[in-house]
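# Coordinate analysis (summary)
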Amino acid sequence: MNDIISLDGKQCGSCHFYMLEPSFICPNCGSEDLKNHSFQGEGIIYTFTVVMIGFGHLANRAPYVLAIVELKEGLKILTIIEGADKDNIKIGDPVKFKHMEAGTGPIFQPA
Ligand SMILES: [Zn+2]
């Protein structure tokens, strides 16, 4: 199983709202005029938590950093930050997209 290495989503052609999930109508304005959009994958940590006990397929990954990253495009997404210093990570730290992990979602790393 290959990880996807681009962060692909959609952008509304009407209101320019960005979305990451597969979407067929714009959640912001209801337009069906959606265009594919590849995000640059750069952003900052908007908020985060260090997960000490993982569940399911993430059980062996803990402790790990679960964060909401605000992309340069303004969209906020839930991700795991790999390779972060758990004792020194802070809100506002720059991060970049690493890969899309099947069953988990986007994985980011410190920029
Ligand atoms: Zn829209």
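Residues numbered from 1 in each chain as written. Predicted model: local features only at pLDDT ≥ 70, side-chain atom pairs only at ≥ 80, totals over all residues.

## Quick look at the overall build of the chain
For the chain, the count of helices and strands is zero helices and eight strands. Sequence-ordered secondary structure for the chain, helices as α and strands as β, is β-β-β-β-β-β-β-β. Here the chain, with 111 residues, has 21% of them falling under the buried criterion. (Helix = DSSP H or I, 4+ residues; strand = E, 2+ residues; numbered from the N terminus. Buried ≥ 20, exposed ≤ 12 C-beta atoms within 10 Å, placed from the backbone.)

## Some details on the sheet that holds strand β5 (residues 64-71)
The mixed closed barrel is built from five strands, whose spatial order is β4-β5-β6-β8-β7. On average, adjacent strands in this sheet sit at an angle of 45 degrees to one another, irrespective of strand direction. In this sheet, strand β8 (residues 105-110) lies alongside strand β7 (residues 94-101) in antiparallel orientation, the contact comprising six bridges. Among the inter-strand pairings, His-99 is bridged to a residue of β8, identified as Ile-107. (Pairing = 2+ DSSP bridges. Axes fitted to C-alpha atoms, helices over the stretch in contact; angles between N-to-C directions.)

## Observations concerning the environment of Gly-30
Tracing the backbone shows Gly-30 in the loop between β2 (18-19) and β3 (34-38). Since 10 C-beta atoms lie within 10 Å of it, Gly-30 is described here as exposed.

## Looking at the domain arrangement of the chain
Its domain assignment divides the chain into domain 1 (8-38) and domain 2 (42-110). Between the C-alpha centres of domain 1 and domain 2 the distance comes to 23 Å. (Domains from an automatic or database assignment.)

## Observations regarding the nonpolar core
Ranked by internal contacts, the top residues of the largest apolar core, which has 16 residues, are Val-65, Ala-67, Val-69 and Ile-81. Of all the elements in the fold, those that place two or more residues in this core are β4 (42-51), β5, β6 (76-81) and β7. Considering every element that reaches this core, the biggest residue donor is β5, with four residues. Residue contacts for Val-69: discarding those within four places in its chain leaves Gly-43, Ile-44, Ile-45, Tyr-46, Ile-77, Thr-79, Val-95 and Phe-108. (Core = buried A, V, L, I, M, F, W, Y, C linked by C-beta atoms within 7 Å. Contact = placed C-beta atoms within 7 Å.)

## Brief notes about the environment of Val-69
Turning to its location among the elements, Val-69 is positioned in strand β5. Take Val-69: there are 25 C-beta atoms within 10 Å of it, and that puts it in the buried class. In this structure, the C-alpha to C-alpha distance between Val-69 and Lys-90, residues 21 residues apart in sequence, is 12 Å.

## Details of the sheet that holds strand β1 (residues 8-12)
Taken together, the three strands give an open sheet; going across it, the order is β2-β1-β3, and neighbouring strands pair in antiparallel fashion. Where the open sheet ends on each side, the last strands, each with one partner, are β2 and β3. Examined bridge by bridge, β1 and β3 share five bridges and lie antiparallel to one another. Paired with Asp-8 across the strands is Ser-38, a residue of β3.

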